[in-house]
Amino acid sequence: MSAAPHLPAFLRLASDATLAGLAGAALLLLSALALWGERRRRQRADIDAVGWVPWRDIAAITSIAALVLLALAAMGWLRG
């Protein structure tokens, strides 16, 4: 028996550019969630309840990584 998970056919047959595009889209979603978390942190009622998650940093890092991955995906798609 194989220990590897069974991936759907569209992922097994996808090009590297498509996989990079999917990863970039997932990171953009994570970045949007982090921006939402930062907005909630800024608008908190109790000024002393800051929290420990650096939402702004997570949003910045994931946005940059997503843009790089999406740029690489676009280059791959344009080259064919």
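Keep in mind the model is a prediction, meaning the values are calculated, not measured.

Q: Quick question: what am I supposed to make of the overall build of the protein here?
A: Helix and strand content of the protein: three helices and zero strands. Counting from the amino terminus, helix and strand elements in the protein follow one another as α-α-α. The globule rule puts the C-alpha radius of gyration for 80 residues at 12 Å, and the 18 Å found for the protein is more than 25% above it. The dimensions of the protein, computed from C-alpha atoms along their principal axes, are 50 × 40 × 15 Å. Counting all 80 residues of the protein, 16% fall into the buried class. Sequence separation of at least 24 residues holds for 78% of the intrachain contacts in the protein that already meet a minimum separation of 6. Split by element, the accessible area of the protein, about 6400 Å² in all, is 69% carbon and sulfur. Both charge centroids of the protein, one from 8 positive and one from 5 negative side chains, sit 7 Å from each other.

Q: Looking at this structure, I do not really get the packing of helix α2 (residues 16–42) against helix α3 (residues 55–79). What am I missing?
A: The relative placement of two packed helices is expressed as an angle between their axes plus a distance between the axes. Where α2 meets α3, the closest approach of the two axes is 7 Å, and the angle between their N-to-C directions is 160 degrees. The orientation of α2 with respect to α3, classified from their angle, is roughly antiparallel. Crossing handedness for the pair α2 and α3: left-handed. Here the residues of the contact of α2 with α3 are counted per class, giving 18 nonpolar, eight polar and two charged.

Q: Even after reading the chapter, I still don't get the environment of Val 50, so can you show me in this structure?
A: The residue Val 50 is located in the loop between α2 and α3 in this model. Between the C-alpha atom of Val 50 and that of Leu 30, which follows or precedes it by 20 residues, the distance is 21 Å. Those residues in contact with Val 50 that sit more than four places away from it in its chain are Arg 41 and Arg 44.

Q: Is there a simple way to explain the environment of Gly 80 in this structure?
A: The topology assignment puts Gly 80 in the segment after α3. Between the alpha carbons of Gly 80 and Ser 15 there is a distance of 9.8 Å; along the sequence they are 65 residues apart.

Q: Looking at this model, I keep getting lost on the confidence of the model for the protein. Mind explaining?
A: Caution applies to low-pLDDT parts of the model: their predicted coordinates are not meant to be read in detail. Taken residue by residue, the protein gives an average pLDDT of 91. The fraction at 70 or more is 95%. Helix α1 (residues 9–12) is the least confidently modelled element of the protein, averaging 79 in pLDDT, while α3 averages 97, the highest of any element.

Criteria and thresholds
- Every chain begins its residue count from 1, and numbering advances along the sequence as written.
- Local features in this predicted model are restricted to residues of pLDDT 70 or higher, and side-chain atom pairs are both shown and tallied only at a pLDDT of 80 or more, whereas totals for entire chains, interfaces and linings draw on every residue.
- As a rule here, side-chain values come from all non-hydrogen atoms in the structure, and water together with hydrogens is ignored.
- The numbering of helices and of strands both runs from the N terminus, where a helix is a DSSP run of H or I of at least 4 residues and a strand a run of E of at least 2.
- In this treatment the radius of gyration is a C-alpha quantity, and the globule benchmark scales as 2.2 Å times the residue count to the 0.38 power.
- Between buried and exposed lies partly exposed: a residue is buried under 20% and exposed over 50% of the maximum accessible area for its type, with that area taken using a 1.4 Å probe on protein chains only.
- Contact definition: two residues touch when any of their heavy atoms are within 4.5 Å.
- Reported accessibility uses the Shrake-Rupley method at a 1.4 Å probe radius. Residues are deemed covered only where the shown protein chains occlude them.
- Charge assignment in this entry is limited to Lys and Arg as positive and Asp and Glu as negative, and neither His nor the chain termini are counted.
- Charge coordinates come from a single atom per side chain, which is NZ of Lys, CZ of Arg, CG of Asp or CD of Glu.
- Axes, fitted as lines to C-alpha atoms, cover a helix only where it is in contact. Angles between the N-to-C directions of the axes lie from 0 to 180 degrees.
- We call two directions roughly parallel when the angle between them is under 35 degrees, roughly antiparallel when it is over 145, roughly perpendicular when it lies between 65 and 115, and oblique otherwise.
- Note: crossing handedness is left-handed where the near helix turns anticlockwise from the far helix by less than a right angle, and right-handed where it turns clockwise.
- Classification convention: Asp, Glu, Lys, Arg as charged; Ala, Val, Leu, Ile, Met, Phe, Trp, Tyr, Cys, Pro as nonpolar; all other residues, Gly among them, as polar.
- The predictor's confidence in any single residue is recorded as pLDDT, a number from 0 to 100.

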